[in-house]
Amino acid sequence: ESENGWATIVLNAPFHYNGADNLMLTVVDVTAASVGNSVQFACSNVEKNRVLAYSGYEAPIYGNMEYYGLAMYHLRSNIRFGLEYVEPAHQEVDTVETVAYLQVGTGTLLTADILPVRTEISWSYSQQIFTAEEMGGSRTIYTLAFNYSGNTDNELTRNVKVYLAHTQKDEF
């Protein structure tokens, strides 16, 4: 779903963040097809390597990611963690309304080739670390929204898998 400059993903099951560990977000684009134009996503600079990313025209072999151009970055997606949402009143409506969220990042740096996915390439993978301090305590996460810029008529129709996990890491 795309609205108001935010591409929203509803999680299959809520994630219960414990508030003590850091949060690891992994986004894997398994669309296996590229689109003509890339979508630019807004990012913020961070002090440490808090992003690990890959993109290419073939699926990576996870045991040998370095061969495929795995890289670390000092930036991270502007993201909204949806803490409450309202489901659509009718089944045929596929939109949700997020009524409470935690936003991390307000940067204006635009990237089309890293985060959270690279739409003009067949495959992409990214991991991002959010600190316990940034997350501000324990909470239940229902949705994720990524800030985008530009035309998104069809470019945001991707087959992505999203994983959230607790981690002790604070950088890669």
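S.K.: Help me understand the overall build of the chain in this model?
M.R.: Secondary structure summary: the chain contains one helix and 13 strands in total. Within the span of the chain, comprising 172 residues, buried residues form 44% of the whole. Sequence separation of at least 24 residues holds for 84% of the intrachain contacts in the chain that already meet a minimum separation of 6. Put simply, the chain shows about 8,800 Å² of open surface, and 45% of that area lies on carbon and sulfur atoms.

S.K.: Where do I start with the sheet that holds strand 5 (residues 51-56) in this structure?
M.R.: Strands in a sheet are paired, the pairing made by backbone hydrogen bonds, and the direction either parallel or antiparallel. Spatially, 6-5-11-3-13 is the arrangement adopted by the five strands of the open sheet, whose pairing is antiparallel. Of all the strands in the sheet, the pair left with one neighbour each is strand 6 (71-73) and strand 13 (160-167). With strand direction ignored, the average angle separating the axes of adjacent strands in the sheet is 20 degrees. Strand direction decides the pairing type here: strand 5 and strand 6, joined by three bridges, are antiparallel. Note on strand 6: the bridge partner recorded for Ala-53 is Ala-71.

S.K.: Please explain the pairing of strand 11 (residues 123-130) as it appears in this structure.
M.R.: The two faces of a sheet get side chains in turn, since along a regular strand they alternate between them. Most of strand 11 sits out of view: seven of its eight residues are buried. Note: strand 3 (residues 22-29) against strand 11, seven bridges, orientation antiparallel. Looking at strand 11, one finds that Leu-25 is bridged to Gln-128. By the bridge criterion, six bridges tie strand 5 to strand 11 in an arrangement that is antiparallel. By the bridge assignment for strand 11, Gly-56 is matched with Trp-123.

S.K.: Before we go on, may I ask you to explain the nonpolar core in this structure?
M.R.: Across soluble globular proteins, nonpolar side chains show a tendency to be buried alongside one another. Residues Leu-23, Phe-81 and Ile-141 are the most contacted members of the largest nonpolar core, which totals 23 residues. Breaking this core down by element, the ones donating at least two residues are strand 2 (6-17), strand 3, strand 8 (79-86), strand 9 (97-104), helix 1 (132-135) and strand 12 (139-149). Here Ile-141 is in contact with Leu-11, Pro-14, Phe-15, Tyr-17, Leu-23, Phe-81, Gly-82, Leu-83, Met-135 and Leu-164, once residues within four sequence places are set aside. Of all hydrophobic cores here, the second largest spans five residues; its members include Cys-43, Val-51, Leu-75 and Leu-115.

S.K.: Would you explain the side chain of Thr-167 in this entry?
M.R.: When you line up the elements, Thr-167 lands in strand 13. Looking at Thr-167, its side chain comes within polar contact range of the main-chain nitrogen of Lys-169, at 3.1 Å. Those residues within four positions of Thr-167 in sequence are excluded, and the remaining contacts are Asp-21, Asn-22, Leu-23 and Met-24.

Rules used throughout
Residues numbered from 1 in each chain as written. Predicted model: local features only at pLDDT ≥ 70, side-chain atom pairs only at ≥ 80, totals over all residues. Heavy atoms only, no water. Helix = DSSP H or I, 4+ residues; strand = E, 2+ residues; numbered from the N terminus. Buried < 20%, exposed > 50% of the residue type's maximum accessible area, 1.4 Å probe, protein only. Contact = heavy atoms within 4.5 Å. Areas by Shrake-Rupley, 256 points an atom, 1.4 Å probe, with all protein chains shown as cover. Pairing = 2+ DSSP bridges. Axes fitted to C-alpha atoms, helices over the stretch in contact; angles between N-to-C directions. Core = buried A, V, L, I, M, F, W, Y, C linked by side-chain atoms within 4.5 Å. Polar contact = N/O pair within 3.5 Å; in protein donor to acceptor, adjacent residues only side chain to side chain.

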